[in-house]
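One letter stands for each residue in the lines below.
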Amino acid sequence: MSPGQEQQFQDCAEVRRAGIHASGIYTLHIANLSEPKKAYCDMETDRGGWTIIQLRANGSLSFQRSWREYKQGFGDASGEYWLGNEAVHLLTSRVPYALRVELQDWEGGQVYAHYRKFQLGSERQFYR
């Protein structure tokens, strides 16, 4: 990499492998996706390197959206957002991915589910 050239990452696991351990918003350059995506990277939970594909915190953003919006993604990585079905499909069809779903209730109780193998199909497969 030449001086001044930004290192490009496809997901948050690559960010972590590069030695970056701070949670926050990173620009991801996902293979075969026309534009880079901003995503929140969780570098603390369960050894870190998690690419957050959906974040809902307080209901401030409506998730009643069209197919096109779910395909492309919506919201803002600094708040509530959906990364986008196409981005998730392209990421998970490249290498094996795990999925962690975390839920927290209004009283602060937390639960999570961990799936070792997660893959989202293509648009032709209706992102199954």
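Predicted model only: the values in this text are computed from it and were never measured.

Caption draft 1: Geometry of the environment of Q7. Note on placement: Q7 falls in the segment before α1 (12-17). Considered as a pair, Q7 and A18 are 11 residues apart in the sequence and their alpha carbons are 9.1 Å apart.

Caption draft 2: Spotlight on the state of the cysteines. Under the defined criterion, the tally for this structure stands at 1 disulfide. With a sulfur-sulfur separation of 1.9 Å, C12 is cross-linked through a disulfide to C41. For the disulfide bridge between C12 and C41, the dihedral angle about the S-S bond is near -70 degrees, and by the sign convention the bridge is left-handed. Taken together, the positions of C12 in helix α1 and C41 in strand β2 (residues 37-42) put the pair 29 residues apart, joining distant regions of the chain. In this structure C41 comes out as buried when scored by relative accessible area, which is 0%.

Caption draft 3: How the structure looks around the pairing of strand β8 (residues 110-118). Buried residues are scarce in β8, accounting for 0 of its 9 residues. As paired strands, strand β7 (residues 97-104) and β8 are joined by 7 bridges and run antiparallel to one another. If you follow R100 over to β8, its bridge partner there is H114. Between β7 and β8, which follow one another and run antiparallel, lie 5 residues, and G108 among them has a positive phi close to 95 degrees.

Caption draft 4: The arrangement of the sheet that holds strand β5 (residues 74-75) in detail. If you trace the 3 strands from one edge of the open sheet to the other, you get β4-β6-β5, paired in antiparallel fashion. This sheet does not close on itself; its edge strands, each paired only once, are β4 (54-55) and β5. As paired strands, β4 and strand β6 (residues 81-82) are joined by 2 bridges and run antiparallel to one another. Looking at the pairing, L55 lines up with Y81 of β6.

Caption draft 5: Local environment of the nonpolar core. If you look at the biggest cluster of nonpolar residues, it comprises 23 residues, and the most contacted ones within it are I30, Y81 and L83. Every element with two or more residues in this core is listed here: α1, β1 (24-28), β2, α3 (85-92) and β7.

Caption draft 6: Examining the packing of aromatic side chains more closely. Applying the stated criterion to the full structure yields 5 aromatic pairs. With 5.1 Å between their ring centres and 70 degrees between their planes, F63 and F74 make a pair best called edge-to-face. With a gap of 11 residues between them, F63 in the loop between β4 and α2 (67-72) and F74 in strand β5 connect regions that are remote in the sequence. Looking at F63, the relative accessible area reads 11%, which means it is buried. The class of F74 is buried, set by a relative accessible area of 7%. Pairing Y70 with F74 gives two aromatic rings, centres 5.0 Å apart and planes at 85 degrees, and the pair type is edge-to-face. Y70 sits in the partly exposed class, given a relative accessible area of 22%. Grouping aromatic residues by their ring pairs yields a cluster made of F63, Y70, F74 and W82. Note that R100 overlies the ring of Y112, its terminal NZ or CZ placed 3.7 Å from the centroid.

Rules used throughout
Residues take numbers from 1 onward in each chain, read along the sequence in its written order. Selection of residues for local features in this predicted model requires a pLDDT of at least 70, selection of side-chain atom pairs for listing and counting requires 80 or more, and totals for whole chains, interfaces and linings are taken over all residues. Hydrogens are left out, water is left out, and the side-chain values use all remaining heavy atoms of the structure. Helix numbers and strand numbers start at the N terminus; a helix is a DSSP run of H or I with at least 4 residues, a strand a run of E with at least 2. By disulfide we mean two sulfur atoms from cysteines, separated by a distance within 2.5 Å. Per-residue accessibility, obtained with a 1.4 Å probe over protein chains only, is compared with the maximum for each type, and a residue is labelled buried under 20%, exposed over 50%, and partly exposed between these values. Here, strands pair whenever DSSP counts at least two bridges between them. Put simply, a nonpolar core is a bunch of buried Ala, Val, Leu, Ile, Met, Phe, Trp, Tyr and Cys residues held in one set by side-chain atoms that sit within 4.5 Å of each other. Pairs were defined over the aromatic rings of Phe, Tyr and Trp, the Trp ring being its six-membered one, requiring ring centres within 6.5 Å. Orientation was assigned from the angle between planes: stacked under 30 degrees, edge-to-face over 60, tilted for the rest. A positively charged side chain is recorded as over a ring if its NZ (Lys) or CZ (Arg) lies within 6 Å of the ring centre. The angle to the ring normal must also be within 35 degrees.

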